[in-house]
Amino acid sequence: MVQSSVLGFPRMGGNRELKKANEAYWADKLSRDDLLAEGKRLRLAHWKIQKDAGVDSIPSNDFAFYDHVLDHIQMFNAIPERYSKHGLAPIDEYFAMGRGHQKDGIDVPSLEMVKWFDSNYHYVKPTFQDNQTFKLASDPKPVREFLEAKEAGIITRPVLVGPVSFLFLGKADRDQTVDPISLLDKLLPVYAELLEKLKAAGAETVQIDEPVLVYDLPPRVKDAFKPAYEKLVGDKFPKLVLATYFGDIVHNFDVLPSLQSLYAIHIDLVRNPEQLESVIGQLGDKQTLSCGVVDGRNIWKTNFKRAIETVETAIQKLGKDRVIVATSSSLLHTPHSLDSEKKLPAEVKEWFSFAVQKTSEVVVIAKAVTDGPASVREDLEANAKAMQSRASSERTNDPQVKERQSKVTDAMHERQSPFPERYAQQKTHLKLPLFPTTTIGSFPQTKEIRIQRNKFTKGEITAEEYEKFIEKEIEEVVKIQDELKLDVYVHGEPERNDMVQYFGERLNGYVFTTNGWVQSYGSRCVRPPIIVGDISRPAPMTVKESKYAASISSKPMKGMLTGPITCLRWSFPRDDVHQSVQAQQLALALRDEVVDLEAAGIYVIQVDEPALREGLPLRSGRERENYLAWAVNSFKLSTAGVKDSTQIHSHFCYSEFQDFFHAIAALDADVLSIENSKSDAKLLKVFVDQAYPRHIGPGVYDIHSPRVPSESEIKDRIEEMLAYLKPDQLWVNPDCGLKTRQWKETKAALTNMVNAAIFYREKY
Ligand code: GLN
Ligand code: ZN
């Protein structure tokens with residue numbers, strides 16, 4: 001019999017209950033016990049959904065209050081002393097690492113948080129000391145949650161991040177030099193102890209995630225697998241299913257022979273179906289293959305016919321007992337359930353499948369290959385009908401868009417003059433001081449803003465009333481920026497629900513969910529719009545607000561747009577048209593917007609591309625260069641329509657450019673603002689090495705935490721940057737937009753930031 005399995009389930013709950021509980025707890029409005037109880041309730045609810053759907057292997061320990069990697073950091077006691085020394089309650093120590101802690105005389109910033117592979121989920125980076133030791137928590141979370149499910153009559157398959165990935169995804173703490181992978185020998189006994197405890201608790205199998213196997217790994221990391229897994233296989237341990245996802249593992253085949261004592265290997269056959277046959281060829285005689293055929297990263301219904309064919313291929317080689325039908329990855333990256341979508345066009349809704357539905361898909365496919373197609377005939381017929389309807393729908397094809405794409409020329413990608421000439425004009429035009437200060441776009445999205453937006457969405461206030469409210473908000477942030485003495489203003493983005501959704505709502509080719517939330521980091525969720533057809537811009541999208549803001553201020557007003565790659569990556573893209581085609585359609589729409597902003601008197605325009613990097617294929621080589629070529633081109637196409645005197649900014653939420661610096665430079669943006677406060681300023685060296693000629697604003701403070709940086713701390717950051725960048729190259733700004741912050745800390749932090757900039761302005 002072919003088993004079905006789910007690699008992980010979204011944690012938030014159908015109505016983002018986890019987000020609400022966390023935030024209430026942080027605001028002292030929910031007790032610790034109530035928070036823990038809410039977590040327990042959600043776990044049970046999610047196990048039950050999967051049990052009722054008939055899933056054979058249901059995951060546990062996939063739940064996390066903040067992040068699952070952070071769970072491991074705490075469970076292994078890899079907790080830097082700056083968090084452990086305060087004697088905080090475990091959950092508070094955990095949140096302190098995840099989001100910083102500034103309360104009761106404790107003041108500690110969070111650990112670094114980075115993107116999980118090429119997704120928009122962020123994990124907390126394990127951070128190691130030179131003398132690092134590990135110790136298993138006395139009541140380890142995976143055991144606790146396994147028993148919790150067992151008590152409810154559900155035998156689960158606990159999920160762990162594997163030891164090699166845990167180390168490789170981590171880093172040495174600031175001012176430490178340890179190579180994380182060298183800590184493997186110290187870490188393995190802790191895994192062994194944990195696995196033994198899981199076995200004792202009754203866990204038959206454990207899913208151990210080693211997603212780093214899809215990367216190009218340095219030899220010392222590859223070599224780490226064999227000794228690691230030799231120590232974790234045996235009668236006293238549960239059987240291990242080693243899971244990989246988001247790529248193929250063919251280039252790491254030399255690792256697989258050393259893994260032949262493992263019970264099963266899971267591979268992502270949505271992303272890389274072509275790896276199937278070669279992986280089968282590498283399996284040991286008794287090993288099982290878990291076939292990831294239901295997409296954990298997108299919302300499209302699984303094509304049953306194709307998935308069944310794939311699984312049948314595996315069965316022919318391995319037999320039914322050695323094949324598992326699974327989701328390609330955890331369903332963490334998909335929204336909870338399609339059932340709560342009441343507003344989607346009926347035609348389109350038929351094409352989608354969210355986590356709850358995907359759970360059933362896995363079961364249907366497993367049944368089809370176990371008992372034959374007749375056993376699930378109705379499901380297969382309905383699925384075939386949905387596939388057919390999507391392929392032939394008029395919604396997906398717009399001949400005018402295709403016509404315009406056919407007329408795009410090379411010249412449309414280039415600014416009129418090279419940077420030095422442009423800059424000379426911008427300088428006289430914009431009259432900026434040395435070390436110009438600015439922010440990244442959004443100001444705090446207050447409760448009041450959300451209330452008014454909700455009222456407007458529900459039709460409780462008119463468009464005019466809402467517009468008046470937005471104008472009032474803009475007036476307010478202009479006034480605050482006057483008081484703060486910033487140099488380049490923003491309008492604060494009060495009208496934007498989200499930096500991608502807002503644009504999607506104003507473009508043809510998109511549809512939206514009302515409740516399709518996906519976790520981005522901690523309690524923060526995004527609701528990605530869905531690209532279903534060819535994209536075009538029926539009317540200006542941001543001109544009204546930017547123009548209004550410019551009209552009431554004397555300083556340059558920066559227009560704010562989300563770039564084509566970010567619009568693409570933070571949406572659920574189509575899977576029937578290449579992403580480069582979708583990106584070009586977005587770029588043409590944005591190009592019109594950029595030109596309209598300039599015509600409306602906006603002479604600084606920022607086109608945010610924080611998702612550029614996450615789109616980078618995980619392995620270097622041709623695939624990566626192809627991606628960069630079309631990604632860079634789409635940015636240039638969207639921005640190159642302006643005059644030399646108009647200054648184009650771009651923004652990135654990271655500063656690790658080493659491996660694709662040529663692409664960043666090729667964007668030809670006049671100013672780049674980047675995240676930097678939590679990274680090592682050494683990363684800026686690449687700008688010197690590559691003689692980067694244009695201007696840069698490395699963030700001077702972290703915006704993910706409510707912590708207020710002091711003026712001297714910011715001065716120190718600027719000083720560090722000046723080791724790499726010329727004074728007239730440097731802008732002073734926070735790491736990112738301020739929408740998730742409160743006004744109180746925002747004003748305090750920006751006051752310190754402006755004072756620090758003024759200090760250097762006077763010095764130079
Ligand atoms: N302009 C956006 C903002 O300030 C940028 C957000 C981002 O880079 N993630 O919110
Ligand atoms: Zn950012």
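Since this is a predicted model, take the numbers as computed values, not measurements. (Residues numbered from 1 in each chain as written. Chains lettered and ligands numbered in written order. Predicted model: local features only at pLDDT ≥ 70, side-chain atom pairs only at ≥ 80, totals over all residues. Heavy atoms only, no water.)

(A) The overall build of the chain, seen in detail. Within the chain, the secondary structure is distributed over 27 helices and 23 strands. C-alpha atoms of the chain, sized along the principal axes, occupy 75 × 60 × 50 Å. Per-residue burial for the chain yields a buried fraction of 62% across its 764 residues. Long-range pairs, those at least 24 residues apart, make up 79% of the contacts in the chain with a sequence separation of at least 6. Carbon together with sulfur atoms contributes 50% to the accessible area of the chain, which is approximately 29,400 Å² in total. A gap of 1 Å separates the mean positions of the 99 positive and 108 negative side-chain charges of the chain. (Helix = DSSP H or I, 4+ residues; strand = E, 2+ residues; numbered from the N terminus. Buried < 20%, exposed > 50% of the residue type's maximum accessible area, 1.4 Å probe, protein only. Contact = heavy atoms within 4.5 Å. Areas by Shrake-Rupley, 256 points an atom, 1.4 Å probe, with all protein chains shown as cover. Lys, Arg positive; Asp, Glu negative; His and termini not counted. Charge placed at Lys NZ, Arg CZ, Asp CG, Glu CD.)

(B) Expanded view of the nonpolar core. The biggest cluster of nonpolar side chains holds 120 residues, and the ones touching the most others in it are Phe76, Phe166, Tyr229 and Leu289. Within the second largest apolar cluster, 86 residues are counted, among which are Met541, Tyr692, Ile718 and Leu750. (Core = buried A, V, L, I, M, F, W, Y, C linked by side-chain atoms within 4.5 Å.)

(C) Layout of the sheet that holds strand β20 (residues 604-608). Strands sit in the order β19-β20-β21-β22-β23 across an open sheet of five strands; the sheet is parallel. The sheet is open, and its two borders are formed by β19 (558-562) and β23 (695-698), each paired with just one other strand. Neighbour-to-neighbour, the strand axes of the sheet open up by a mean angle of 20°, direction not taken into account. As paired elements, strand β21 (residues 647-652) and strand β22 (residues 671-674) share four bridges and run parallel to each other. When the sheet's bridge partners are listed, histidine 649 is paired in β22 with valine 671. Against the sheet, helix α22 (residues 579-599) makes contact with β19, β20 and β21, and its axis sits at roughly 170° relative to β19, the strand it touches most. (Pairing = 2+ DSSP bridges. Axes fitted to C-alpha atoms, helices over the stretch in contact; angles between N-to-C directions.)

(D) Main features of the state of the cysteines. Counted under the stated rule, the structure contains zero disulfides. Free cysteine cysteine 567: the closest other cysteine sulfur is in cysteine 653, separated by 14 Å. What makes cysteine 567 buried here is its relative accessible area of 2%. (Disulfide = S-S within 2.5 Å.)

(E) Representation of the coordination of the zinc ion (ligand 2). The coordination sphere of the zinc ion (ligand 2) contains the protein donors His651 (NE2), Cys653 (SG) and Cys736 (SG), at a distance range of 2.0 to 2.2 Å. Note that the zinc ion (ligand 2) binds four donor atoms; their angles at the metal cover 87 to 121°, and the shape is tetrahedral. Donor residues for the zinc ion (ligand 2), ordered by position in the chain, follow H-x1-C-x82-C. (Donors = N, O, S within 2.8 Å, 3.2 Å for Na, K, Ca; no water. Tetrahedral: all angles 85-135°; square planar, octahedral: opposite > 155°, others 65-115°.)

(F) Representation of unusual backbone geometry within the structure. Positive phi, normally seen in glycine, also occurs at asparagine 77, with a value near 55°. As for its placement among the helices and strands, asparagine 77 is situated in the loop between α3 (68-75) and α4 (81-84). One non-glycine residue with positive phi stands out, namely phenylalanine 246, at about 70°. Tracing the chain through its elements places phenylalanine 246 in the loop between β11 (239-243) and β12 (264-268).

(G) Broad picture of the site of ligand 1. Every one of the 13 residues lining ligand 1 counts as a neighbour, but Ser442, Glu493, Asp608, His651 and Lys739 are closest to it. Between ligand 1 and serine 442 there is a distance of 2.7 Å, counted from an oxygen atom to a side-chain nitrogen or oxygen. Considered on its own, ligand 1 offers 290 Å² of accessible surface; in the complex 95% of this is hidden by protein. Its residues assigned to classes, the shell around ligand 1 shows six nonpolar, four polar and three charged. (Near = heavy atom within 4 Å. Polar contact = N/O pair within 3.5 Å; in protein donor to acceptor, adjacent residues only side chain to side chain. Nonpolar A, V, L, I, M, F, W, Y, C, P; charged D, E, K, R; others polar.)

(H) How the structure looks around the sheet that holds strand β13 (residues 288-294). Here eight strands make up an open sheet; going across it, the order is β1-β14-β13-β12-β11-β10-β8-β2 and the pairing parallel. This sheet does not close on itself; its edge strands, each paired only once, are β1 (3-5) and β2 (58-60). In this sheet, neighbouring strand axes are inclined to one another by 30° on average, regardless of whether the strands run parallel or antiparallel. The pairing of strand β10 (residues 205-209) with β11 spans five bridges and is parallel. Bridge pairing in β11 links threonine 205 to lysine 239. Contacts from helix α2 (residues 32-53) reach β2 and β8 (156-161) within the one sheet, and its direction differs from that of β2 by about 165°.

(I) Fine view of the pairing of β13. Counting buried residues in β13 gives seven out of seven residues, a clear majority hidden from the surface. Relative to β13, β12 runs parallel, the two being bridged by five bridges. Across the sheet, the residue bridging to alanine 264 is threonine 288, located in β13. The pairing of β13 with strand β14 (residues 323-327) spans five bridges and is classified as parallel. The residue bridging serine 290 from the neighbouring strand is isoleucine 324, located in β14. Handedness of the crossover joining β13 and β14 through helix α11 (residues 304-318) is recorded here as right-handed. (Right-handed = clockwise from strand over helix to strand, strands pointing away.)

(J) Quick peek at the packing of α2 against helix α5 (residues 90-99). Two elements in contact, α2 and α5, have axes separated by 11 Å at closest approach and are oriented at 75°. Taken together, α2 and α5 sit at an angle that is classed as roughly perpendicular. From α2, Arg32, Leu35 and Leu36 reach across to α5, where they touch Ile91, Asp92 and Phe95. For the contact of α2 with α5, a count of residues per class yields four nonpolar, no polar and two charged. (Parallel < 35°, antiparallel > 145°, perpendicular 65-115°, else oblique.)

(K) Spotlight on the packing of aromatic side chains. Inspection of every chain in the model, using the stated rule, returns 35 aromatic pairs. Ring geometry for phenylalanine 419 and tyrosine 423: centres 5.7 Å apart, planes at 15°, overall stacked. Taken together, the residues span about one helical turn, with phenylalanine 419 and tyrosine 423 both in helix α16 (residues 419-430) at a distance of four residues. Given a relative accessible area of 24%, tyrosine 423 falls into the partly exposed group. (Phe/Tyr/Trp six-rings, centres within 6.5 Å; stacked < 30°, edge-to-face > 60°.)

(L) Representation of the pattern of salt bridges within the structure. One pass over the structure, following the stated rule, counts 60 salt bridges. For arginine 271, the salt bridge identified is with aspartate 118, shortest N-O distance 2.9 Å. Highlighted residues: arginine 271 in the loop between β12 and α10 (276-282) and aspartate 118 in the loop between β5 (113-115) and β6 (122-124), separated in sequence by 153 residues. With a relative accessible area of 6%, aspartate 118 lands in the buried category. For aspartate 118, the salt bridge is made with arginine 297, and the minimal N-O distance between the two is 2.9 Å. Residue aspartate 118 is located in the loop between β5 and β6, and its partner arginine 297 is located in the loop between β13 and α11; the two are separated by 179 residues in the primary sequence. Across this residue pair, the class does not change: aspartate 118 and arginine 297 are buried. (Salt bridge = Lys/Arg side-chain N within 4 Å of Asp/Glu carboxyl O.)

(M) Inspection of the side chain of arginine 591 at higher detail. Turning to its location among the elements, arginine 591 is positioned in helix α22. Polar contacts involving the side chain of arginine 591 include one to the main-chain carbonyl oxygen of leucine 637, which spans 2.8 Å.

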